[in-house]
Amino acid sequence: MEQMRYEAPDTLDAAVALLAGAGGDARVLSGGTDLLVQLRAEVIEPALIVDIKKIPEVRTIAAEGGGFRVGAAVSGAELGEHEALKKAWPGVVEAVELIGSTQIQGRASIGGNLCNASPAADSVPALIAAGATASIAGPNGRREVPVEEVATGPGKTSLAEGEMVVSLLLPARPPRSGDAYLRFIPRTEMDIAVVGAGISITLDGNGTCSAARIALGAVAERALLVPEAAEALVGTTLDEAALDRLARAASAACRPIDDKRGTKEYRIKVAGVLARRAALIALERARQN
Ligand SMILES: Cc1cc2nc3c(=O)[nH]c(=O)nc-3n(C[C@H](O)[C@H](O)[C@H](O)COP(=O)(O)OP(=O)(O)OC[C@H]3O[C@@H](n4cnc5c(N)ncnc54)[C@H](O)[C@@H]3O)c2cc1C
């Protein structure tokens, strides 16, 4: 077996140069809660591991444009302790805080959750609902992409060779808006979502929904933004009829698999139920803002 090389550069440029120079056989190491498991199980055998945790840009949370730029390697625990971010985007923080246990929270990052590209990744539907964008660095410079365009399928991303996610931008939260994330798991904790639903809504001065974004996890090959579900809410006060339309649209968007956690039919049904419940939590939060 070939020896695996480990590098821990302290600049972004050095990290990108290492990744680009490895010819596709390199992996970024953030918290390692997915990567180390995959290495141990010999699912992956990269020639090079690039640990990004010494790079200041990927380890910080900074206010930007009324929102927040969160470094890709910021841990769940660090995010949960950031009071201003938690107040602005409680749905994103509650999604991140669902990942694993206290020990996992100390390491698991938002960038790792996104780039591992599990269809059931908890933070991703919440980030999509929030309208977050990913800042990606690579040998050809920087680019910004909506979070929904990063994962393309199980374990697959749209990142090109030599590229890495540097940070995620959570936009300024509009007034009278709120977000929420709910997942369903067969156990009470430490399990993978059967369905996850992230939602963000904005109300006008009369309490009518003026904008909405809804995303579902674990019901397709990647997290899905569901514009039809958002359309069911816009122009309404989230009355029963609108919530029924939302639930139907969420269920209709699902193209899940059967597995030991649930059948296709079950996931489709649960997606509608969770979208509806998450909408009511987001509504309550929007009314308080
Ligand atoms: C016990 C346990 C429980 C878990 N529970 C949950 C759960 O409830 N919900 C959930 O969603 N997940 C869960 N996970 C999975 C895992 O903890 C999360 O996906 C976590 O967010 C991964 O982040 P990380 O920093 O550890 O990523 P890493 O393991 O460091 O990386 C994951 C993948 O992303 C790539 N990567 C990391 N950062 C970047 C970057 N900046 N740019 C490009 N590529 C990058 C790596 O190369 C690797 O392929 C669990 C894992 C364990 C071990």
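Residues numbered from 1 in each chain as written. Predicted model: local features only at pLDDT ≥ 70, side-chain atom pairs only at ≥ 80, totals over all residues. Heavy atoms only, no water.

(A) Quick look at the site of the ligand. Around the ligand sit 30 residues, and of these V28, T33, D34, L35 and S109 come closest. G31 places a main-chain nitrogen or oxygen 2.7 Å from an oxygen atom of the ligand. A distance of 2.8 Å is found between an oxygen atom of the ligand and a backbone nitrogen or oxygen belonging to G32. Summarising the interface, the protein chains cover 88% of the accessible area of the ligand, which totals 990 Å² for the free molecule. Taken together, the elements giving at least two residues each to the shell around the ligand come down to β2 (26-29), α7 (110-115) and β10 (164-170). Partitioning the shell around the ligand into residue classes produces 15 nonpolar, nine polar and six charged. (Near = heavy atom within 4 Å. Polar contact = N/O pair within 3.5 Å; in protein donor to acceptor, adjacent residues only side chain to side chain. Areas by Shrake-Rupley, 256 points an atom, 1.4 Å probe, with all protein chains shown as cover. Helix = DSSP H or I, 4+ residues; strand = E, 2+ residues; numbered from the N terminus. Nonpolar A, V, L, I, M, F, W, Y, C, P; charged D, E, K, R; others polar.)

(B) Representation of the sheet that holds strand β6 (residues 133-138). Strand order in the open sheet made by the five strands is β4-β5-β10-β6-β7, with antiparallel pairing throughout. The open sheet has two edge strands with one neighbour each: β4 (61-64) and β7 (141-146). Strand after strand, the sheet turns through a mean of 25° between neighbouring axes, direction not considered. Sheet analysis places β6 next to β7, joined by six bridges and oriented antiparallel. (Pairing = 2+ DSSP bridges. Axes fitted to C-alpha atoms, helices over the stretch in contact; angles between N-to-C directions.)

(C) Structural context of the packing of aromatic side chains. Applying the stated criterion across every chain yields a total of one aromatic pair. With a centroid separation of 6.1 Å and an interplanar angle of 75°, the aromatic rings of F184 and Y266 are classed as edge-to-face. Within this pair, whereas F184 is found in strand β11 (residues 177-184), its partner Y266 is found in helix α11 (residues 264-288), the two being separated by 82 residues in sequence. The exposure class assigned to Y266 is partly exposed, which follows from its relative accessible area of 36%. (Phe/Tyr/Trp six-rings, centres within 6.5 Å; stacked < 30°, edge-to-face > 60°. Buried < 20%, exposed > 50% of the residue type's maximum accessible area, 1.4 Å probe, protein only.)

(D) Looking closely at the pattern of salt bridges. For the structure shown, the criterion picks out 14 salt bridges. For the salt bridge of R183 with D122, the shortest nitrogen-to-oxygen distance reads 2.7 Å. Placement of the pair is R183 in strand β11 and D122 in the loop between α7 and α8 (123-129), with a sequence separation of 61 residues. By relative accessible area, D122 is classed as buried at 7%. Residues R267 and D259 are paired through a salt bridge, measuring 3.2 Å at the closest nitrogen-oxygen approach. Under the relative-accessibility criterion, R267 is labelled buried at 3%. D259 gets classed as partly exposed once you look at its relative accessible area, which sits at 34%. Here the salt bridges share partners, and the residues they tie into one network are E221, R222 and R255. (Salt bridge = Lys/Arg side-chain N within 4 Å of Asp/Glu carboxyl O.)

(E) Region of the structure containing the nonpolar core. In this structure, I199, I201, L216, L233, L238 and L246 are the most contacted members of the largest nonpolar core, which totals 35 residues. When contributions to this core are tallied by element, the ones reaching two or more residues are β12 (195-203), β13 (209-217), α9 (227-233), α10 (240-253) and α11. Of all the elements, α11 adds the most residues to this core, at nine residues. L233 has contacts with I199, I201, C209, A212, I214, L238, A242, L243, L246 and A279, leaving out every residue within four places of it along the chain. Within the second largest apolar cluster, 32 residues are counted, among which are A121, A132, I136 and Y181. (Core = buried A, V, L, I, M, F, W, Y, C linked by side-chain atoms within 4.5 Å. Contact = heavy atoms within 4.5 Å.)

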